Amino acid sequence: MIDIQNISFRYAGSKEMVLQDFSLQLSENNIYGLLGKNGTGKSTLLYLISGLLRPCSGKVSIDGVESFKRVPSTLEEIFIVPEEFDLPAMTLDKYVRINEPFYPRFNREVLEKCLADFELPHSLKLDALSMGQKKKVFMSFALAAGTRLLLMDEPTNGLDIPSKMQFRKVVAGNMSDDRILIISTHQVHDVEALLDHILILTRNRLLLNASVEDICQRYAFEYRMPGMPLDDVLYSEPSMQGNAVVSMRKEGGVETPLNLELLFNAVTMGKVNQF
Amino acid sequence: MDTFNINRFWRTLCWYVLENKNSLFKWFVSFSLAFMAMGVFFMYVMRNHLDDPGMVKVGMGQLVAFSTIIMFFSIIFANCLVFSCITKKQRRTAFLMLPATNMEKYVSACIYAAVLAPLSIILAFLVGDTLRTLIYAAIGHGWHSAVKEMWELEGGSIKNFGKPFVIMLWLGSTYILGATLLRKAHFPVVSAVLLILLFTFPIIMVKYIQHVGPVSIPEYVKIVVTLLLTVFNYCVGYRLFKRFQLITSKWTNI
């Protein structure tokens, strides 16, 4: 559905390329985790996909239509939840009434269910909400909009601990076969359980583009007590439980759950790169 | 689907106005108070001549002239506000991602800046002056309305207002073009460019007349040319708007 072909991008006034000859294909029914260090271009990539920025060369297309053209049929299928956003000074009901008609598959029931999951009432004054509450309202609206592409930039920033769990529940409960969700985040533990595809971005290129299934089939993530052998380990780091390690999964070995932080560190250190 | 759709345009316009209704309301209230205060000041200056109809007429004439100048510049300035509400990255994201065509969004923003904001200023003048008139009438100083004076201006026919209206349309479109291209300082920059043109155009005309001899351009040709320039400004503005990006250089919108 999303086809990024050889794009290069740099910001006006900057000589440094954020992305160079970058290509990527993203398909439906996936929740992508977009990870990377600060300044590697995660948000820029989201803006390029949504058509808010124009690549210097190459093109980004959604269902064959270039996203920067910003045509209504494409925009109806995209919703972006930026890290910082503004909600107008009006009630939620009024906000829904003026924005709902732009999204043909908008579903009020989904909105109400998401709000209920986030423990928010239906009648709200948007300018009277805290940042975290605003985020929950906006994410509920985004999910209710029924767009096939949903982009979230640091969705769990500003959410309290119970809300992060609610966020996972709400997102998991509203994924459909035709939907793509891209979550750009540094808070890997908040979204670890949701993701089914990992993209790790470094300056200009992708370091990792693999499904969680492939990663877990190939690698094992475990803790080893001090003194245990580390000769088969690809990457390790000390932790409270001993050494957190990434190793090649042995044939017939038990599949271990993904440790995203460990994987990220291992990949960015160049210790894991076999895909 | 992806061409201009009147229903979607209407929704976009409503969206734009509702998002900006607070600014529009603040403008209206501020201008109403300003026009009322200005009227009160004029009446205070004329306090010793309020019984002399001739002096009152002169005073009201001056108030009308002054109010007209204020309205003129405010309306021109209002055109610069075409994209002021999407200067912030968050609002810009919401507007650019709204599922409507670029044309629908651009026309909505232009209607807001070139029609609704100026209308709020004119309405503010009517309200401010009416309030001032009512207050003065209530305290026994008679009925002296600048609005009535403006309505009864000699020679105030549509024909006489046609040319200034067309010039105003062109000026407004020029400021809209400036505000579409520039992220900040559009009013001083466009004003400076217009002033330069104002000084250089007569020099060019004098040189031209020296070569070709005196030229007489019919009035309707001037009006048609001004209207064409207005359309040109809006078209260029639209082409620039299509290239709007979320993050741009400090000075431009594209």
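In this text the structure is predicted, and so the values were computed from the model without any measurement.

### A short note on the packing of helix H2 (residues 21-45) of chain B against helix H5 (residues 102-138) of chain B
Residues and elements named next belong to chain B. At a minimum axis distance of 7 Å, the contact between H2 and H5 shows a crossing angle of 40°. It follows from the interaxial angle that H2 and H5 lie oblique. Relative to H5, H2 is oriented so that their crossing is right-handed. Residues that form the contact of H2 with H5 fall into these classes: 19 nonpolar, four polar and two charged.

### So, the interface of chain A and chain B
On the side of chain B, 25 residues touch chain A, which itself brings 26 residues to the contact. Secondary structure elements with two or more residues in the side of chain A that touches chain B: helix H1 (42-50), helix H2 (72-75) and strand E6 (78-81) of chain A. The element best represented in the side of chain A that touches chain B is H2(A), accounting for three residues. Its residues assigned to classes, the side of chain A that touches chain B shows 18 nonpolar, three polar and five charged.

### Remarks on the sheet that holds strand E3 (residues 30-36) of chain A
Residues and elements named next belong to chain A. Read across the sheet, six strands follow the order E6-E7-E8-E3-E9-E10 without closing on themselves; strand pairing throughout is mixed. For this open sheet the edge positions go to E6 and strand E10 (205-211), each flanked by a neighbour on one side alone. Between one strand axis and the next, the sheet turns through 15° on average, direction left out of account. Relative to E10, strand E9 (residues 197-202) runs antiparallel, the two sharing six bridges. The residue bridging Ile200 from the neighbouring strand is Leu208, located in E10. Here helix H9 (residues 260-268) sits on the sheet in contact with E3, E9 and E10, set at roughly 40° to E9.

### Some points on helix H9 (residues 219-242) of chain B
With 24 residues, H9(B) ought to run about 34 Å at 1.5 Å a step, and its terminal C-alpha atoms sit 35 Å apart, in line with that. What H9(B) keeps buried is the set B:Thr230, B:Asn233, B:Tyr234, B:Gly237 and B:Phe241.

Analysis parameters
- Residues numbered from 1 in each chain as written.
- Chains lettered and ligands numbered in written order.
- Predicted model: local features only at pLDDT ≥ 70, side-chain atom pairs only at ≥ 80, totals over all residues.
- Axes fitted to C-alpha atoms, helices over the stretch in contact; angles between N-to-C directions.
- Helix = DSSP H or I, 4+ residues; strand = E, 2+ residues; numbered from the N terminus.
- Parallel < 35°, antiparallel > 145°, perpendicular 65-115°, else oblique.
- Left-handed = near helix turned anticlockwise from the far one by under 90°.
- Nonpolar A, V, L, I, M, F, W, Y, C, P; charged D, E, K, R; others polar.
- Contact = placed C-beta atoms within 7 Å.
- Pairing = 2+ DSSP bridges.
- Expected span 1.5 Å × (residues − 1).
- Buried ≥ 20, exposed ≤ 12 C-beta atoms within 10 Å, placed from the backbone.

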